[in-house]
Structure formats: structure tokens, C-alpha cells
Amino acid sequence: AGRRQNRVIRDSLNLTLDKGELAGRLAGEKRQAEALNASLTQEIALRAQAESVLKYRLELEELLTTISTGFINLPVEEIDAGINRALEQLGAFAGADRGYVFLLSPDRSFYRNSHAWSAEGVGPTPESLLEIDASRFPWWMGRLEKLERVRVARMKDLPPKVLEKYESFHPQPVQSLALVPLVASGVLTGFLGFESFRQENIWGEETEALLNVIADMFVNALERKRSYEALEQARAAAEAAAAAKARFLANMSHEIRTPLHGVLGILSLLRDGELPEREMNHVDVAHSSAEMLLNIVDDILDFSRIEAGRLHLEEKSFRLSEVVEDSVALLARQAGVKELELACFIDVEVPDNLRGDAVRLRQVLVNLVGNAVKFTHAGEVSVQVTLDSQEESKAFVRFEVRDTGIGIAPEAVQEIFDPFVQADPSTTRQYGGTGLGLAISRQLVELMGGEMGVSSEPGRGS
């Protein structure tokens, strides 16, 4: 019995010792499990935070890409709508209740609200905030003037005087505020801003960087719009000036032509009468001068009509041979005086019966042949007409006026068709003219669906 009891006591003691050791082991394992659980919890929280930051940045990059893409090749007339759309996207992303753009006036005395967005349930920008005196809030307007950002996470943290002045001006209680200066060429032109009314908004660095990038986009778009509007105003002013000039030239040309026709009529009567040779020479000089002046007036009138787009071609039946021969005949006397050979050749393949503006065609030919005679002192002037190509109802006719005159320098060839330009400045003094003849002729030819060019060599003709 003693041995049995001793064995029971011994087993009981061993069991107690085993239980203590097991309890200690379990307590250690529990502490390890708790430490591991705490570590896992912290790791999960950090991973969740990292995933949240990554998601935020991805959304921010996607928003930036969306807004940037929206401004690429955006038509000028849609820039305002694009800015308002971007304000809405930015405000929704940043959790703001209102976004706006204010532009500084030219005299830099006030800011004017040009674009605005408000979240659902938030009214539009109050009328008292549509224009803000630039000196009204020196606390942040001064920072904007220094091209610094203004970020107020909690309006209640502002100095009491500043907050009191702002609340007395702003009709709605603002919880948070962010302002970003709009800068063009280093000069403040306005600011981009967001306000939160319903809750405080802690603007993160990423969001603030996004606002800076978007502010630069707004500046570029607004500068493009401003440049376009300035160009449109300049174009309208130029068109108005051109129209006024055209009206003036047309009126003056008509006013000058009327007495000129009277002068030419009287001189023609005198030429038909019996006058002494000396007086007849004087009449001839006066008649030639009056005709030259009339040609100049006609050139100016035609040029003003072409510039104003009011010169219209007629379409009537005519004989091409008559137009060409009459044009050459008009210059025959001048060529004879200079002892020049004046020749005319019309290829048999050229159709003679055509429809078009014979008067304007004759004007071009007379101008070209007249120039050839004027600038040729010896040799010949020839007019050659050939058929370039022919379709069912159209004929493309090539007119070549050749002379053995003074020619044109290579550097002046490209300019002789410009208005009021002559190949050599001394030409005006020596030969006269306004420099409009070739410009008008080329435009008339282009109105007829053709083209005009020149080939020339100084001293050998054109």
C-alpha cells in the first residue's frame, strides 16, 4: 500500500511538473503568436496604405492624362468649355465644392471671374465674388503677386483678423482653400482656386503638384485664345482698312477719270484741227500724257477691285485672232517710232471661236506687249499663240510675248509680279509706270484659271 501510494504521489508530482512546463511553453507560444499577429496587422495596414497611395497616384496620372488630352488641338472657340470641364474633373477628384479661375485686369487693379464650377447642391459663384479688388486680401493676394501658392487646410487656423475679413466678404463659410497663381512669361495673370464648404480638405502634395501642372495648361490655352482674338481683331481692322482703301481708290479713280476723259476729248478735237506744227507737237505731248495718266488710273481701279474681290469676269463669245491682232495693232505705232519689228503668229491648231472675257484678255496682252516695246531699244517683239491642251469644252492657250530688250536680273524675277514692284528702282524714273501692270495681269490670268511666268536674261530680253 505504501509503495502504491508513493507511486501515486510520484506520478501526481510528475504530472504537475509536466503541466507547468506545458503552460510555460504555451504562454511563450502565445506571446510569439501575438507578436506575429501584431506584425502581420501592421504589415497589412502598410500594404493597404501603399495600395491606396498607388491607386491615388494612378487615378491622378489618369486624370492628368485625360485633361491634357482634352487640351491637345482644342479649337479656340472651345477653350472656355474645356477649362470649365477640367475644373469639374479636378474638383471631383480633390473633393472640393467649388473651383474657379480669376484673371487679372490689364491695369492689375482687380481679378475677374472667367470660369467656374460648383458641385451638386452648391450654388453658383456669388455676384459679390465675380470681381475682387486686387488689394482687398493682402494676406494671400500678396503671396500670389510673389507667384507663391496659397493652401489653407483649416480656415479656423488663420489669424483672427484675416479670417474675420474673409468671412465678412465671403457669403458662405469656407472650410479649406487652395489658390495657384497663373503665370505667363514670369508675370502673374490670374489664379486657379478651389474651396471646400462641407468638410475640411487636406490638400496633399500630389494634388498640389497636379494643380500646378493644370494651371500651366490653363495659361497656355488662355494665351492661345488671347493671341487668336488679337489676330482676329487685327484681321478685322486690316479688312476694314483695306475696304476703306478700296472704296477710296475706286471713288478717286472715278473722280479723276471723268475730267481726264474731258481733257482727252478736247485734245483730240485740237489734233483734228489745223494747228501750227509747234502747237500740234504740244497737243500730242499733252494727249500722250493724259492717256498715260488714264492708264495709271485704270490700273489702280482694277487693282482695288481685285483686292476687294469685286472684279468679275464676263463670259461672251469672241474671236481669238481679233483680240490678239487688235492688241498688237494698238502698240504698232509705238514700235514703229522705235524702229522695232513687231510680229504676231497664231498657230492653226488654236480654236478661234471661244467664250470668255475678251476685254480682260486684251488688257493682259496689251500690258505684256506694251512692256516689251517699252523695254526694248532695238530688235523685235513677237507674240506667239499656241494650243497647250484641249478638253471637250475648254482650250488652254499659251501666249508667249518675246522681246530683245534689257531683260530682268535673276534676283528680281520672283518679285516682278508683286504690286508696286519693278525690277530696278531706276526703272520708274527712266520708263515710268506704277509697277501694277504685271501684278494685275497675273491676277487676271489666275482668275481665268491660268498661270503666268517669266523667263529672262539681262541684256538679251524676256
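Higher on the page you've got the structure.
Conventions used here
Each chain carries its own residue numbering, running from 1 in the direction its sequence is written. Owing to the predicted nature of the model, reporting of local features is limited to residues with pLDDT of at least 70; listing and counting of side-chain atom pairs is limited to 80 or more, with chain, interface and lining totals taken over all residues. Hydrogen atoms and water are omitted, and side-chain values are computed over all heavy atoms in the structure. Here a helix means four or more residues in a row that DSSP labels H or I, a strand means two or more in a row labelled E, and each is numbered from the N terminus. For every residue, the accessible area obtained with a 1.4 Å probe (protein chains only) is divided by the maximum for its type, and the residue is called buried under 20%, exposed over 50%, and partly exposed between those limits. Within this scheme the basic residues Lys and Arg register as positive and the acidic residues Asp and Glu register as negative, but His and the chain ends are omitted. Salt bridges, as used here, are contacts in which a Lys or Arg side-chain nitrogen is within 4 Å of a carboxyl oxygen on Asp or Glu. We call two residues in contact whenever any of their non-hydrogen atoms come within 4.5 Å of each other. Two strands qualify as a pair provided DSSP detects at least 2 bridges between them. A helix is expected to reach a length of 1.5 Å times the quantity of its residues less one. Under the rule applied, a polar contact is a pair of N or O atoms within 3.5 Å (in protein, one hydrogen donor and one hydrogen acceptor; residues adjacent in sequence only if both atoms are side-chain atoms). Two distance rules govern patches: like charges are joined within 9 Å, and nonpolar side chains (Val, Leu, Ile, Met, Phe, Trp, Tyr) within 5 Å, applied only to residues with over 30% relative accessible area and no salt bridge. Per-residue and other accessible areas follow the Shrake-Rupley method at a 1.4 Å probe size, with only the shown protein chains counted as cover for residues. Every angle, taken between N-to-C directions, lies between 0 and 180 degrees, and every axis is a line fitted to C-alpha atoms, over only the stretch in contact when it is a helix.

Caption draft 1: Structural detail: the side chain of D403. Structurally, the position occupied by D403 is in strand β11 (residues 395-403). In this structure, D403 is buried with no salt-bridge partner, the nearest side chain bearing the opposite charge being R402 at 9.6 Å. In this view, D403 contacts A372, T376, E380, V381, R460, G461 and S462; residues no more than four positions away in its chain are not counted.

Caption draft 2: Quick look at the pairing of β11. Bridge analysis of strand β10 (residues 380-390) against β11 gives nine bridges, and the strand direction is antiparallel. Counterpart to V381 in the pairing with β11 is D403.

Caption draft 3: How the structure looks around the environment of L294. For L294, the position within the fold is in helix α6 (residues 277-308). On a C-alpha basis, the gap between L294 and R112 in space is 58 Å, while along the polypeptide they are 182 residues apart. Leave out the neighbours within four places in its chain, and L294 touches R257, L260, H261 and L264.

Caption draft 4: How the structure looks around helix α12 (residues 437-447). The complete set of buried residues in α12 reads G437, L438, A439, I440, S441, L444 and V445. Immediately beyond the C-terminal end of α12, within one or two residues, lies G449, with a positive phi of roughly 85°.

Caption draft 5: Helix α9 (residues 358-374), seen in detail. The end-to-end C-alpha distance of α9 is 24 Å, a good match for the 24 Å that 17 residues give at a rise of 1.5 Å each. Every buried residue of α9 is accounted for by A358, R360, L361, V364, L365, N367, V369, G370, A372 and V373. Between the side-chain oxygen of the N-cap and the backbone nitrogen of V359 there are 3.3 Å, and the N-cap of α9 in question is D357.

Caption draft 6: A look at a nonpolar patch on the surface. A grouping of I266, L269, L270 and L275 is seen on the molecular surface, where their side chains present a nonpolar patch of about 360 Å² in accessible area. Mapped onto the fold, L269 is located in helix α5 (residues 205-272).

Caption draft 7: Representation of unusual backbone geometry within the structure. With phi around 65°, L147 is a residue other than glycine that occupies positive phi space. The topology assignment puts L147 in the loop between α3 (138-145) and β4 (150-152). Residue class for L147 comes out partly exposed when judged on its relative accessible area of 37%. With phi around 55°, E339 is a residue other than glycine that occupies positive phi space. Here E339 lies in the loop between α8 (332-337) and β8 (341-346). Overall, the relative accessible area of 71% leaves E339 in the exposed class.

Caption draft 8: Structural view of the environment of R3. Tracing the chain through its elements places R3 in helix α1 (residues 2-71). Judged by relative accessible area, which is 72%, R3 ranks as exposed. For the pair R3 and G459, spaced 456 residues apart in the sequence, the C-alpha separation amounts to 151 Å.

Caption draft 9: Up close: the pattern of salt bridges. Summed over the entire model, instances satisfying the criterion amount to 16 salt bridges. One salt bridge in this structure joins K316 and E314, with 3.7 Å as the shortest N-O distance. By relative accessible area, K316 is classed as exposed at 51%. Residue E314 is classed as partly exposed on the basis of its relative accessible area, which comes to 44%. For the salt bridge of E457 with R460, the shortest nitrogen-to-oxygen distance reads 4.0 Å. In this structure E457 comes out as partly exposed when scored by relative accessible area, which is 41%. Counted as one network, the salt bridges with shared partners bring together E232, R235 and E239.

Caption draft 10: Broad picture of the sheet that holds β10. A sheet is described by the order of its strands in space; here three strands give the open sequence β8-β10-β11, paired in mixed fashion. In this open sheet, the two edge strands, each paired with only one partner strand, are β8 and β11. Across this sheet, the average inter-strand angle for adjacent strands is 15°, counted without regard to direction. The pairing of β8 with β10 spans six bridges and is parallel. Across the sheet, F345 pairs through a bridge with Q384, a residue of β10.

Caption draft 11: Spotlight on the sheet that holds strand β5 (residues 176-184). What the six strands build is an open sheet, ordered β3-β2-β1-β6-β5-β4; its pairing is antiparallel. Among the strands making up the open sheet, the edge pair consists of β3 (131-133) and β4. Each strand axis lies, on average, 20° off the axis of its neighbour in the sheet, ignoring direction. Inspection of the sheet shows strand β1 (residues 98-104) paired to strand β2 (residues 110-118) by seven bridges, in the antiparallel sense. Looking at β2, one finds that G99 is bridged to W117. This element, helix α2 (residues 79-94), spans β1, β2 and β6 (187-196) of the sheet and lies at about 65° to β2.

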